[in-house]
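Architecture and fold: a report
If you want the building blocks of each chain, they are given just below.
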Amino acid sequence: QVQLVESGGGLVQAGGSLRLSCAASGRTFSAYTLGWFRQAPGKEREFVAARGWGARETSYEERVNGRFTISRDNAKNTVYLQMNSLKPEDTAVYYCAAGRGFPITTLRNFEYWGQGTQVTVSS
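All of the points below concern the structure found in this document. (Residues numbered from 1 in each chain as written. Predicted model: local features only at pLDDT ≥ 70, side-chain atom pairs only at ≥ 80, totals over all residues. Heavy atoms only, no water.)

Regarding the overall build of the protein chain
When you go through the protein chain residue by residue, the secondary structure sums to zero helices and eleven strands. Along the protein chain, helices (α) and strands (β) appear in the sequence β-β-β-β-β-β-β-β-β-β-β when read from the amino end. A compact globule built from 123 residues should have a C-alpha radius of gyration of about 14 Å, and the protein chain, at 13 Å, falls within 12% of that. Taken over the C-alpha atoms alone, the protein chain extends approximately 40 × 25 × 25 Å along its principal axes. Evaluated residue by residue, the protein chain yields a buried proportion of 43% over its 123 residues. A separation threshold of at least 6 residues defines the contact pool for the protein chain, and within that pool the share at least 24 residues apart is 57%. With an accessible surface of roughly 6500 Å², the protein chain has 46% of that area assigned to carbon and sulfur atoms. (Helix = DSSP H or I, 4+ residues; strand = E, 2+ residues; numbered from the N terminus. Rg over C-alpha atoms; globule rule 2.2 N^0.38 Å. Buried < 20%, exposed > 50% of the residue type's maximum accessible area, 1.4 Å probe, protein only. Contact = heavy atoms within 4.5 Å. Areas by Shrake-Rupley, 256 points an atom, 1.4 Å probe, with all protein chains shown as cover.)

Observations concerning the pairing of strand E7 (residues 68-73)
Here E7 shows a clear split, with Phe 68, Ile 70 and Arg 72 buried on one side and none of Thr 69, Ser 71 and Asp 73 buried on the other. Looking at chain direction, E7 and strand E8 (residues 78-83) are connected through six bridges and run antiparallel. The residue of E8 that forms the bridge with Thr 69 is Gln 82. Between the antiparallel neighbours E7 and E8 lie four residues, among them Asn 77 with a positive phi of about 50 degrees. (Pairing = 2+ DSSP bridges.)

A word on the sheet that holds E7
Spatially, the four strands line up as an open sheet ordered E1-E3-E8-E7, and their pairing is antiparallel. Looking along the sheet, the strands with just one partner apiece sit at the ends: strand E1 (3-7) and E7. Strand-to-strand twist in this sheet, taken as the mean axis angle between neighbours without regard to direction, amounts to 15 degrees. (Axes fitted to C-alpha atoms, helices over the stretch in contact; angles between N-to-C directions.)

Focus: unusual backbone geometry
For residues besides glycine, phi is generally negative; the peptide bonds are generally trans as well. Of note, the bond from Phe 102 into Pro 103 is cis; its omega dihedral lies within 30 degrees of zero at 0 degrees. You can see Pro 103 is positioned in the loop between strand E9 (92-99) and strand E10 (110-113). We note that Asn 77 has phi near 50 degrees; this positive angle belongs to a residue other than glycine. Mapped onto the elements, Asn 77 comes out in the loop between E7 and E8. Within the chain, Ser 85 stands out as a residue other than glycine whose phi angle is a positive 50 degrees. The residue Ser 85 is located in the loop between E8 and E9 in this model.

Structure representation (structure tokens):
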């Protein structure tokens, strides 16, 4: 069992930045792919970014590529999502997740989920 707790969400104006953190307990991160997903009201949960445990594999959703950066610190059992140049359409609940399947962009391949942190971007 893996427990994930997100933090760092909040209210920010368009063009601003936030850094989300996800702390894990129960198991180490090293054997898992770590990812971030988001869900806006009335919409399906969608992939944002993920970073695998080997071969420096990293993937971003096209709309956030160049603005968001995912990183992980296995020693601290923490994964981060640095979000820059935020847009109103980035508003959503952001979830961190851990999984072991491939491809790493597929939601169903992540089996452990945090409770989410709200990100609201005002125009």
